[in-house]
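Take a look at the letters that make up each chain.
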Amino acid sequence: AQKITQTQPGMFVQEKEAVTLDCTYDTSDQSYGLFWYKQPSSGEMIFLIYQGSYDEQNATEGRYSLNFQKARKSANLVISASQLGDSAMYFCAMRVPDVSAGGTSYGKLTFGQGTILTVHP
Amino acid sequence: EAGVAQSPRYKIIEKRQSVAFWCNPISGHATLYWYQQILGQGPKLLIQFQNNGVVDDSQLPKDRFSAERLKGVDSTLKIQPAKLEDSAVYLCASSRKGRETQYFGPGTRLLVL
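The paragraphs below set out a description of the structure included in this document. (Residues numbered from 1 in each chain as written. Chains lettered and ligands numbered in written order. Predicted model: local features only at pLDDT ≥ 70, side-chain atom pairs only at ≥ 80, totals over all residues. Heavy atoms only, no water.)

### Details of the pattern of salt bridges
Part 1 of the argument: Within the structure shown, the criterion is met by four salt bridges over all chains.
Part 2 of the argument: One salt bridge in this structure joins A:Asp26 and A:Lys73, with 3.6 Å as the shortest N-O distance. Of this pair, A:Asp26 sits in strand β4 (residues 24–26) while A:Lys73 is found in the loop between β8 (64–69) and β9 (74–79), placing the two residues 47 residues apart along the sequence.
Part 3 of the argument: A salt bridge links B:Lys62 to B:Asp57, with the nearest nitrogen and oxygen atoms 3.7 Å apart. (Salt bridge = Lys/Arg side-chain N within 4 Å of Asp/Glu carboxyl O. Helix = DSSP H or I, 4+ residues; strand = E, 2+ residues; numbered from the N terminus.)

Below, the structure is given as structure tokens:
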């Protein structure tokens, strides 16, 4: 079974500083994908960044980067130059192939418990 | 490009009543997902459609929940009868194919009294 663990219930950061949100995962699959989503108080899940298990370089998207350490099974999100609008819940998620009698499907995301990030002015 | 649309945004019902949620995915997205997010937890997949066929409904409480995706576009999730523990946010997501990035709608917040 797949499992995602986010050990930080809450994090605080000063505006313009960098912050790292931790995520560890557990799977026996060799092929998997790791995602980070942001969920503001409005409730919508906003896709931030993706890392494939075979990607050799860490993913980056603007101020977001994913520190992927495969041997340690960690996929930490780094937000540089924090802004007040970054205050939200952040979820790490994993997707693995689902092999069933009908074939292989991809899609189901397994989410962690989330980390609430608060950016102080 | 328009995002995933959901309605209603909020719903309050009493236990044992029925309720239905609607989702319109991003145009051209073949895969549609319904997730349940209980307060303080990450979302949990209820059902996944590929076009109008069900791919995964292993965590759908089939005695009270049902979902359909007629014509492979819009989808409806129904709860009948509702229980107190169904209070949650119901998120709809879509992707072009199952192995591509999922994009979420704004969700429907359900409160069962």
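Back to the text.
### Comments concerning the packing of aromatic side chains
Part 1 of the argument: For the structure shown, the criterion picks out 15 aromatic pairs over all chains.
Part 2 of the argument: With a centroid separation of 6.3 Å and 65° between ring planes, the pair formed by A:Phe35 and A:Phe47 is classed as edge-to-face. Of this pair, A:Phe35 sits in strand β5 (residues 33–39) while A:Phe47 sits in strand β6 (residues 46–52); the two residues are 12 residues apart in sequence, bridging distant segments of the chain.
Part 3 of the argument: These aromatic residues form a ring-pair network of at least three members: A:Phe35, A:Tyr37, A:Phe47, A:Tyr50, A:Phe91, A:Phe111, B:Tyr33, B:Tyr35, B:Tyr103 and B:Phe104. (Phe/Tyr/Trp six-rings, centres within 6.5 Å; stacked < 30°, edge-to-face > 60°.)

### Points about unusual backbone geometry
Part 1 of the argument: In this model, B:Ser7 is joined to B:Pro8 through a cis peptide bond whose omega is -10°.
Part 2 of the argument: Note on placement: B:Pro8 falls in the loop between β1 (5–7) and β2 (10–13).
Part 3 of the argument: Across the junction of B:Gln80 and B:Pro81, the peptide omega takes the value -5°, indicating a cis bond.
Part 4 of the argument: Here B:Pro81 lies in the loop between β8 (75–79) and β9 (88–95).
Part 5 of the argument: Despite not being glycine, A:Lys16 shows a phi value in the positive range, around 80°.
Part 6 of the argument: As for its placement among the helices and strands, A:Lys16 is situated in the loop between β2 (10–14) and β3 (19–21).
Part 7 of the argument: Look at B:Arg16: it is not a glycine, yet its phi comes out positive at around 80°.

### What about the environment of B:Pro25?
Residue and element names in this part refer to chain B.
Part 1 of the argument: Looking at the secondary structure, you find Pro25 in the loop between β3 (19–24) and β4 (31–37).
Part 2 of the argument: By relative accessible area, which is 7% here, Pro25 ends up buried.
Part 3 of the argument: Put simply, Pro25 and Gln37 are 12 residues apart on the chain and 19 Å apart in space, counted from C-alpha to C-alpha. (Buried < 20%, exposed > 50% of the residue type's maximum accessible area, 1.4 Å probe, protein only.)

### Some details on the sheet that holds strand β7 (residues 65–68) of chain B
What links the strands of a sheet is backbone hydrogen bonding, and the strands pair in either a parallel or an antiparallel sense.
Residue and element names in this part refer to chain B.
Part 1 of the argument: What the four strands build is an open sheet, ordered β1-β3-β8-β7; its pairing is antiparallel. This sheet does not close on itself; its edge strands, each paired only once, are β1 and β7. Here the average twist between neighbouring strands, direction ignored, is 15°.
Part 2 of the argument: The pairing of β1 with β3 spans three bridges and is classified as antiparallel. Bridge pairing in β3 links Ala5 to Asn24. (Pairing = 2+ DSSP bridges. Axes fitted to C-alpha atoms, helices over the stretch in contact; angles between N-to-C directions.)

### Here's the deal with the state of the cysteines
Part 1 of the argument: One pass over the structure, following the stated rule, counts two disulfides over all chains.
Part 2 of the argument: In this model, A:Cys23 is linked to A:Cys92 through a disulfide, with the two sulfur atoms separated by 2.0 Å. Measuring handedness by torsion sign, the sulfur bridge of A:Cys23 and A:Cys92 sits at about -65° and is left-handed. Taken as a pair, A:Cys23 in the loop between β3 and β4 and A:Cys92 in strand β10 (residues 88–95) lie far apart in primary sequence, 69 residues in all. Accessibility classification places A:Cys23 together with A:Cys92 in one group, the buried group.
Part 3 of the argument: Covalently, B:Cys23 is tied to B:Cys92 through a disulfide, its sulfur atoms 1.9 Å apart. Judged by the torsion about the S-S bond (-70°), the B:Cys23/B:Cys92 disulfide is left-handed. Of this pair, B:Cys23 sits in strand β3 while B:Cys92 sits in strand β9, placing them 69 residues apart in sequence. Each of the two residues, B:Cys23 as well as B:Cys92, counts as buried. (Disulfide = S-S within 2.5 Å.)

Function-wise, these values are silent; they only describe arrangement.
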